[in-house]
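The lines below spell out each chain.
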Amino acid sequence: MPKYSLIIPSIGRDKQVDDLFTSIEKSGIKDFETILVDQNDDDRLVPVVKNHKTLKIKHLRADFKSATQARNFGFEKSKGEYIIFPDDDSEFLSDTISHVESLFKEFNPDVLCGRAIDRSNNDAVCNFKKDSAWLDMSNYDGRYVEFTEVYKREIFEKYPFDIDIGVGRFYGSGEAQDQMIRMLRDGVKVYYSPELKFFHPVKVNMHESKTEIKRSFFYSCGYAYVCKKNKVKDADTRLKKLLLYIPYCMIFKRKYLRYYLAELAGLIAGKYVEIK
């Protein structure tokens, strides 16, 4: 049994996947397996895999397009003691694995969470908290994101991702929050350290393009669904704020109006529309 299983779902990228594999090779990780869940309709990742023979990549072809389903599928094919799900545009830093090793040795959590940063060491993806903490239902926000989490195998086996949530689904985000809530409510020991870092590019959101507007709808739809599923009121709070902010946009920031209307529609759909 390898110590680590690195499970990487991928679609639509090749250069970033090549960079990720290079970062794994340079990370100093030992006793591991690399599983690539390829959801592309073409062979773009075949030469990338061949370029990294030392990783002995298990290249799995999937006939579905879902980030959560791909992670769960990859887990079923894995054997590692610890499970990591790097994004296909993320990278390991030179000290990522050494921090994983030392933090598990010192704290022995069931799940270890880290921080995502850009090339300038600034937060990527979200605004992360600067202090380490054992997580609970009152403090987990800003201290987790799925591709910086390291799970003990038996924990992920008990708490897999909900495949109805996430990129590729109607409820297009929130799978990590859903999983985190389920784990914390059951008393799973989750520790966050901002010293554990992974690279991830920052996505600049101008709130104007069709892609951003579409993403706004599906992401907020997933967020509202997760809040409803787990009986938390965060989405209701966001909904009230939007209802106050949209009239302001109508007068002063009309170019952002479609984006926030899409978010509003997503919150309503996630709360009231059932898709199975």
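Above this note sits the structure.
Since this is a predicted model, take the numbers as computed values, not measurements. (Residues numbered from 1 in each chain as written. Predicted model: local features only at pLDDT ≥ 70, side-chain atom pairs only at ≥ 80, totals over all residues. Heavy atoms only, no water.)

Caption draft 1: Representation of the environment of Ile97 in the model. Inspection of the secondary structure assignment puts Ile97 in helix H4 (residues 96–107). The exposure class assigned to Ile97 is buried, which follows from its relative accessible area of 5%. Taking the C-alpha atoms as reference points, Ile97 and Gly28, 69 residues apart in sequence, are found 7.1 Å from one another. For Ile97, the contacting residues outside a window of four places in its chain are Ser27, Ile29 and Phe92. (Helix = DSSP H or I, 4+ residues; strand = E, 2+ residues; numbered from the N terminus. Buried < 20%, exposed > 50% of the residue type's maximum accessible area, 1.4 Å probe, protein only. Contact = heavy atoms within 4.5 Å.)

Caption draft 2: Spatial organisation of the packing of aromatic side chains. Within the structure shown, the criterion is met by 23 aromatic pairs. When the ring of Phe85 is compared with that of Tyr151, the centres are 5.9 Å apart and the planes differ by 75°; the resulting orientation is edge-to-face. With Phe85 in the loop between strand S4 (82–84) and strand S5 (91–92) and Tyr151 in strand S8 (residues 149–152), this residue pair connects regions lying 66 residues apart in the sequence. The same class applies to Phe85 as to Tyr151, namely buried. Against the face of Phe199 rests Arg119, its NZ or CZ located 3.6 Å from the ring centre. (Phe/Tyr/Trp six-rings, centres within 6.5 Å; stacked < 30°, edge-to-face > 60°. Lys NZ or Arg CZ within 6 Å of the ring centre and 35° of its normal.)

Caption draft 3: Here's a closer look at the packing of helix H6 (residues 175–185) against helix H7 (residues 210–229). Remark: H6 packs on H7, axes separated minimally by 9 Å, with the N-to-C direction vectors making an angle of 15°. One element, H6, and the other, H7, form an angle in the roughly parallel class. Like other packed secondary-structure pairs, H6 and H7 cross with a definite hand, here right-handed. On H7, the residues touching Gln177, Asp178 and Arg182 of H6 are Tyr223, Val226 and Lys229. When grouped by side-chain class, the residues that make up the contact of H6 with H7 number two nonpolar, one polar and three charged. (Axes fitted to C-alpha atoms, helices over the stretch in contact; angles between N-to-C directions. Parallel < 35°, antiparallel > 145°, perpendicular 65-115°, else oblique. Left-handed = near helix turned anticlockwise from the far one by under 90°. Nonpolar A, V, L, I, M, F, W, Y, C, P; charged D, E, K, R; others polar.)

Caption draft 4: Molecular detail of the pairing of strand S6 (residues 111–117). When you tally the buried positions in S6, you get seven out of seven residues, the bulk of the element. Pairing of S6 with S8 involves three bridges; the strand directions are antiparallel. What sits directly across from Leu112, in S8, is Val150. Sheet analysis places S6 next to strand S9 (residues 190–199), joined by six bridges and oriented parallel. Opposite Cys113, over in S9, you have Tyr192 as the bridge partner. (Pairing = 2+ DSSP bridges.)

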